[in-house]
Amino acid sequence: MAIIIIVLNFHRIPEVFALIFKSAFGAEQAFAGVLGAAISWGVKRGVYSNEAGQGTAPHAAAAAEVSHPAKQGLVQAFSVYVDTLLICTATAFIILFTGQYNVVNPEGGFLVEHVPGLEMGTSSTQAAVNKHFPTIGNGFIAIALLFFVFTTIMAYYYIAETNLTYLLKNKTNKPLLWLLRALILFSTFYGAIRTAELAWALGDIGVGLMAWLNIIAIFFLRKPAMIAWKDYQDQRKKVIDPVFDPKKLGIKNAEIWE
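Since the structure is predicted, the reported quantities are computational estimates derived from the model, not experimental observations.

Novice: Where do I start with the pattern of salt bridges in this structure?
Specialist: Should their charged atoms come close, side chains of opposite charge can pair. As enumerated under the stated definition, the model contains three salt bridges in all. We note a salt bridge from Lys-71 to Asp-241, for which the minimum N-O separation is 2.6 Å. In this pair, Lys-71 sits in helix α5 (residues 69–98) while Asp-241 sits in the loop between α9 (196–237) and α10 (246–249), placing the two residues 170 residues apart along the sequence. Overall, Lys-71 belongs to the partly exposed group, its relative accessible area being 24%. Residue Asp-241 is classed as exposed on the basis of its relative accessible area of 52%.

Novice: Would you take a moment to explain the packing of aromatic side chains for this structure?
Specialist: Within a pair of aromatic rings, the relevant descriptors are the distance that separates the centres and the angle that separates the planes. Across all of its chains, the model carries seven aromatic pairs by this definition. Ring centres of Phe-93 and Phe-97 lie 5.8 Å apart, and the angle between their planes is 40 degrees; this geometry places the pair in the tilted category. A residue pair is termed a helical-turn pair when its members lie 3 or 4 positions apart in one helix, as Phe-93 and Phe-97 do in helix α5 at four residues. Relative accessible area serves as the criterion here: at 13%, Phe-93 is assigned to the buried category. Given a relative accessible area of 3%, Phe-97 falls into the buried group. When the ring of Trp-229 is compared with that of Tyr-232, the centres are 5.6 Å apart and the planes differ by 15 degrees; the resulting orientation is stacked. One end of the pair, Trp-229, and the other, Tyr-232, are both in helix α9, three residues apart, so they sit about a helical turn from each other. When its relative accessible area of 31% is taken as the criterion, Trp-229 is described as partly exposed. Three or more aromatic residues joined by ring pairs make a cluster, and in this case those are Phe-17, Phe-21, Phe-93 and Phe-97. Sitting over the ring of Tyr-166, Lys-169 keeps its end group 5.9 Å from the ring centre. The ring centre of Phe-219 lies 4.2 Å from the NZ or CZ of Arg-222, which sits over that ring.

Novice: Even after reading the chapter, I still don't get the nonpolar core, so can you show me in this structure?
Specialist: As a rule of thumb, nonpolar side chains are buried together in soluble globular proteins. The biggest cluster of nonpolar side chains holds 14 residues, and the ones touching the most others in it are Val-16, Phe-93, Ile-94, Ile-95, Phe-97, Tyr-101 and Val-129. Residue assignment for this core shows that the elements contributing at least two residues are α1 (2–8), α5 and α6 (123–132). For this core, the element with the highest residue contribution is α5, accounting for five residues. Discounting chain neighbours no more than four positions away, the residues touching Ile-95 are Gln-100, Tyr-101, Ser-124, Thr-125 and Ala-128. In terms of nonpolar packing, the next biggest core, distinct from the first, is built from five residues, Ala-160, Leu-164, Leu-177 and Leu-180 among them.

Novice: Explanation requested: the environment of Thr-188 in the structure shown.
Specialist: With respect to the helices and strands, the residue Thr-188 is situated in helix α8 (residues 174–193). Overall, Thr-188 belongs to the partly exposed group, its relative accessible area being 34%.

Novice: For this particular structure, what's the right way to read α9?
Specialist: Residue pairs three or four apart in sequence face the same way in an α-helix, which turns once every 3.6 residues. In this model α9 runs just 50 Å from its N-terminal to its C-terminal C-alpha over 42 residues, more than 12% under the 62 Å that 1.5 Å per residue would give. At Leu-221, α9 shows its largest bend, some 55 degrees, and a proline, Pro-224, comes one to four positions later. Considered for burial, the residues of α9 that qualify are Gly-203, Asp-204, Val-207, Ala-211, Asn-214, Ala-228, Asp-231, Tyr-232 and Gln-235. For α9, the secondary structure elements touched by its buried residues are α3 (35–50), α5 and α10. With its phi angle positive at about 55 degrees, Val-239 sits one or two positions after the end of α9.

So, how was this worked out
Residues numbered from 1 in each chain as written. Predicted model: local features only at pLDDT ≥ 70, side-chain atom pairs only at ≥ 80, totals over all residues. Heavy atoms only, no water. Salt bridge = Lys/Arg side-chain N within 4 Å of Asp/Glu carboxyl O. Helix = DSSP H or I, 4+ residues; strand = E, 2+ residues; numbered from the N terminus. Buried < 20%, exposed > 50% of the residue type's maximum accessible area, 1.4 Å probe, protein only. Phe/Tyr/Trp six-rings, centres within 6.5 Å; stacked < 30°, edge-to-face > 60°. Lys NZ or Arg CZ within 6 Å of the ring centre and 35° of its normal. Core = buried A, V, L, I, M, F, W, Y, C linked by side-chain atoms within 4.5 Å. Contact = heavy atoms within 4.5 Å. Expected span 1.5 Å × (residues − 1). Bend = angle between axes of the 7 residues up to and from the residue.

Nothing here speaks to function; it is geometry throughout.
The structure is reproduced here in structure tokens:
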């Protein structure tokens, strides 16, 4: 859908790229005063989207069957580029091409108000698609969001249950498991009936806490990670399919690979 809209607005690509770069470096007069806020907003939404540095992606990565952890590490790193540079950029393009956005002034009001009454969040994307496809635009985005939301809830429940199982030393505790399920359902319901601003605020707090904890974990895991990466590169140089042997590399607590 994004590609179709970009093709329909092909003549505006230089104009949109100029707007992006001038805004990013504070050269766009209308947005110069909110450069810091824009960077903060971009970082928050970028991390929220691709989960880089949060410590949530390893749960899914650990379930993959590969001969060497570096292989899956490269897949996970590549997914950040796919998500942020392709999917998120495509979404930004269709919003900018169609002009379906407002720019909030931190001091109150709007610096730019192309669409009066437009709510923050997915409304810009819906309005952008709806401008070119008025009969199916809103429905298309709603269905896409339904799939995004459903898979996200399932993934986060999987992560939560995996964490609980680990903390219980792989023992089953049904009361705690059902409590976790109840909390997930309550969170989903509460988020659905509250405002988007509150949902984003809670999400940003959660992401920030996870990122700081994960940075500390990465600091302690950096040595075995670099040993594994060097081992992967050495085996690739020998033109063989890399196989991970933690004992040979002196990496402890990796019994599952033995």
